[in-house]
Amino acid sequence: MGKQSGRSESIFERNPALRLVLAHAGLGSLLGLAFAIALVWFDAHGLRHLMTETENGPAAFALLAGGFMITFGSLVAGGAIMSLPSGDDDGPGGGRREKLVPIRVRATRSRRSSSIQRDLH
């Protein structure tokens, strides 16, 4: 692979977009885990009671935390991607606009009549 001044670059050093997505996904996952822990800690809707009274409590917490981690991680990573400037915005609505030029078109009457026109006559 590529060497630069005696050491090889990792994929994270070469790709800032990957760094951005993974860093924000990790942050969002931590927020999701914190939210799941808070729900169980404060016993929201009896979750702590439900998880401690059954032998499948750790599996239930893993599913709860995993769902929140995936959801929050995706949300934060998507928000980071969508907030990047694209560089081609030139005003409200963004994107480059071409100047529209009117073109003359001559209307001609068709020899065939549509079913609507036949029904009206």
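How each quantity is defined
Residues numbered from 1 in each chain as written. Predicted model: local features only at pLDDT ≥ 70, side-chain atom pairs only at ≥ 80, totals over all residues. Heavy atoms only, no water. Helix = DSSP H or I, 4+ residues; strand = E, 2+ residues; numbered from the N terminus. Expected span 1.5 Å × (residues − 1). Buried < 20%, exposed > 50% of the residue type's maximum accessible area, 1.4 Å probe, protein only. Polar contact = N/O pair within 3.5 Å; in protein donor to acceptor, adjacent residues only side chain to side chain. Contact = heavy atoms within 4.5 Å. Phe/Tyr/Trp six-rings, centres within 6.5 Å; stacked < 30°, edge-to-face > 60°. UniProt positions renumbered as here; feature names shortened; annotations may be inferred. Axes fitted to C-alpha atoms, helices over the stretch in contact; angles between N-to-C directions. Parallel < 35°, antiparallel > 145°, perpendicular 65-115°, else oblique. Left-handed = near helix turned anticlockwise from the far one by under 90°. Nonpolar A, V, L, I, M, F, W, Y, C, P; charged D, E, K, R; others polar.

**Here's the deal with helix α2 (residues 16–41)**
- Its 26 residues place the ends of α2 37 Å apart at the C-alpha level, agreeing with the 38 Å of an ideal helix rising 1.5 Å per residue.
- Among the residues making up α2, those that are buried are Gly28, Ser29, Gly32, Ala36, Leu39 and Val40.
- Taking the backbone nitrogen of Ala17 as reference, a side-chain oxygen 3.3 Å away marks Asn15 as the first, capping residue of α2.
- Directly beyond the C-terminal end of α2, a positive phi value near 55 degrees is found at Asp43.

**Quick notes on the side chain of Ser29**
- For Ser29, the location among the structural elements is in helix α2.
- With near-sequence residues (within four places) excluded, Ser29 lies in contact with Met69 and Gly73.

**Focus: the packing of aromatic side chains**
- This model, assessed by the stated rule, comprises three aromatic pairs.
- The interplanar angle of 75 degrees and the centroid separation of 5.0 Å between the aromatic rings of Phe35 and Phe68 together place this pair among those described as edge-to-face. Of this pair, Phe35 sits in helix α2 while Phe68 sits in helix α4 (residues 57–82), and the two are 33 residues apart along the sequence.
- Through a chain of ring-to-ring contacts, the aromatic side chains of Phe35, Phe68 and Phe72 assemble into a single cluster.

**Regarding the UniProt feature "transmembrane region" (unreviewed entry) in the protein chain**
- Look at the UniProt record and you will see "transmembrane region" (unreviewed entry) annotated at residues 21–42 and 62–84.
- Taken end to end, residues 21–42 has its terminal C-alpha atoms 31 Å apart, with 95% of it in helix and 0% in strand.
- Between the C-alpha atoms that bound residues 62–84 the distance is 33 Å, and the span itself is 91% helix and 0% strand.

**Quick notes on the packing of α2 against α4**
- It is the contact of α2 with α4, at a shortest axis distance of 6 Å, that shows an interaxial angle of 140 degrees. The orientation of α2 with respect to α4, classified from their angle, is oblique. Note that α2 runs across α4; the crossing there is right-handed.
- Partitioning the contact of α2 with α4 into residue classes produces 20 nonpolar, five polar and no charged.

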